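If you want the building blocks of each chain, they are given just below.
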Amino acid sequence: MQEVRRMKSVETMERITRQKFCDNFDEILDRVDKEDIGFVILNNEGKDGHVLCPARWFQINFSDDLGCIVNSALRYAIHRHTYMPGVVVEFIREYINILDRRTIEVAIRDIEEELKLGGVDDPTMWIELKDELAARIATMQPPEEK
């Protein structure tokens, strides 16, 4: 499981002037990277202007179990005759670009199996999701051979 990062508070960041940033550009960038810190760059009036921080602070953080949770939610929702199928389908659509190949393959297989068995409340919605997942797989790098 990945460690969940928390954004550092702006209040705890060192303040520097624009001039100090310009004069010490390389040194400041090295500190940001190596020390995993941010700086607040003051504007011309000496007030907080911009924040300089590592790009990794904005990376998507999720547990390695995200795929398992997504597939479990899909399996639960596909049989429901409530609002839940729509919620799960929209969630998967929103996060489709961060789902891994295995999660998508399992989701496609589960949708296909449930459609064959019948009893799915809105088959068109699930077929459309399956097609979107298949299109996403087509854009992914092929799996590495072991």
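Everything below is about the structure printed above this text.
Residues numbered from 1 in each chain as written. Predicted model: local features only at pLDDT ≥ 70, side-chain atom pairs only at ≥ 80, totals over all residues. Heavy atoms only, no water.

**Student:** So what exactly am I meant to see when it comes to the overall build of the chain here?
**Tutor:** Per the secondary structure count, the chain includes 6 helices and 3 strands. In sequence order, the secondary structure elements of the chain are arranged as β-α-α-β-β-α-α-α-α. Radius of gyration (C-alpha) of the chain: 23 Å, far over the 15 Å computed for a compact globule of 146 residues. Among the 146 residues that make up the chain, the fraction classed as buried is 32%. For the chain, the proportion of contacts with a sequence separation of at least 24, taken over those separated by at least 6, is 60%. Taken as a whole, the chain presents about 10,100 Å² of accessible surface, with 52% of it coming from carbon and sulfur. Treating the 20 positive side-chain charges of the chain as one cloud and the 29 negative ones as another, the clouds have centres 2 Å apart. (Helix = DSSP H or I, 4+ residues; strand = E, 2+ residues; numbered from the N terminus. Rg over C-alpha atoms; globule rule 2.2 N^0.38 Å. Buried < 20%, exposed > 50% of the residue type's maximum accessible area, 1.4 Å probe, protein only. Contact = heavy atoms within 4.5 Å. Areas by Shrake-Rupley, 256 points an atom, 1.4 Å probe, with all protein chains shown as cover. Lys, Arg positive; Asp, Glu negative; His and termini not counted. Charge placed at Lys NZ, Arg CZ, Asp CG, Glu CD.)

**Student:** I'm lost on the packing of helix 5 (residues 101-117) against helix 6 (residues 123-139) in this one. Help?
**Tutor:** Relative placement of two packed helices is described by the angle separating their axes and the distance separating the axes. Here helix 5 crosses helix 6 at 150°, and the two axes come no closer than 10 Å. Considered as vectors, helix 5 and helix 6 are oriented roughly antiparallel to each other. The chirality of how helix 5 crosses helix 6 is left-handed. Residues R101, I104, E105, A107, I108, I111, E112 and L115 of helix 5 form the contact with helix 6, whose own contacting residues are P123, W126, I127, L129, K130, L133, A134, R136 and I137. Grouping the constituent residues of the contact of helix 5 with helix 6 by class yields 12 nonpolar, no polar and 5 charged. (Axes fitted to C-alpha atoms, helices over the stretch in contact; angles between N-to-C directions. Parallel < 35°, antiparallel > 145°, perpendicular 65-115°, else oblique. Left-handed = near helix turned anticlockwise from the far one by under 90°. Nonpolar A, V, L, I, M, F, W, Y, C, P; charged D, E, K, R; others polar.)

**Student:** Any chance you could explain the pattern of salt bridges here in plain terms?
**Tutor:** Proximity of charged atoms lets side chains of opposite charge pair with each other. The full count for this structure, using the stated rule, is 14 salt bridges. Between E128 and R93 there is a salt bridge; the shortest N-O distance is 3.9 Å. Taken together, the residues E128 in helix 6 and R93 in helix 4 (residues 84-94) connect sequence positions 35 residues apart. Across the pair E113 and R109 runs a salt bridge, and its minimum N-O distance is 3.7 Å. Of the two residues, E113 and R109 are both situated in helix 5; the distance of 4 residues between them amounts to about one turn of the helix. Taking relative accessible area as the criterion, E113 reaches 40% and is therefore assigned partly exposed. Residues joined by salt bridges that share partners form a network here, namely E14, K20, R31 and E35. (Salt bridge = Lys/Arg side-chain N within 4 Å of Asp/Glu carboxyl O.)

**Student:** Sorry, what's going on with the nonpolar core here?
**Tutor:** Soluble globular proteins tend to bury their nonpolar side chains together. Ranked by size, the top nonpolar core spans 21 residues in total, and within it L74, I92, I104, I111, W126, L129 and L133 carry the most contacts. Mapped by element, the contributors of at least two residues to this core are helix 3 (66-77), helix 4, helix 5 and helix 6. By residue number, the principal contributor to this core is helix 6, which donates 5 residues. If near-sequence neighbours (up to four positions away) are discounted, L74 is found in contact with V88, I92, A107, D110, I111 and W126. Among the nonpolar cores identified, the runner-up in size contains 7 residues, and V32, F39, I41 and L52 belong to it. (Core = buried A, V, L, I, M, F, W, Y, C linked by side-chain atoms within 4.5 Å.)

**Student:** Whenever I open this one, unusual backbone geometry confuses me. Can you help?
**Tutor:** With glycine set apart, most residues show a phi of negative sign, and most peptide bonds adopt trans. We note that D36 has phi near 55°; this positive angle belongs to a residue other than glycine. Structurally, D36 is set in the loop between helix 2 (25-35) and strand 2 (39-42).

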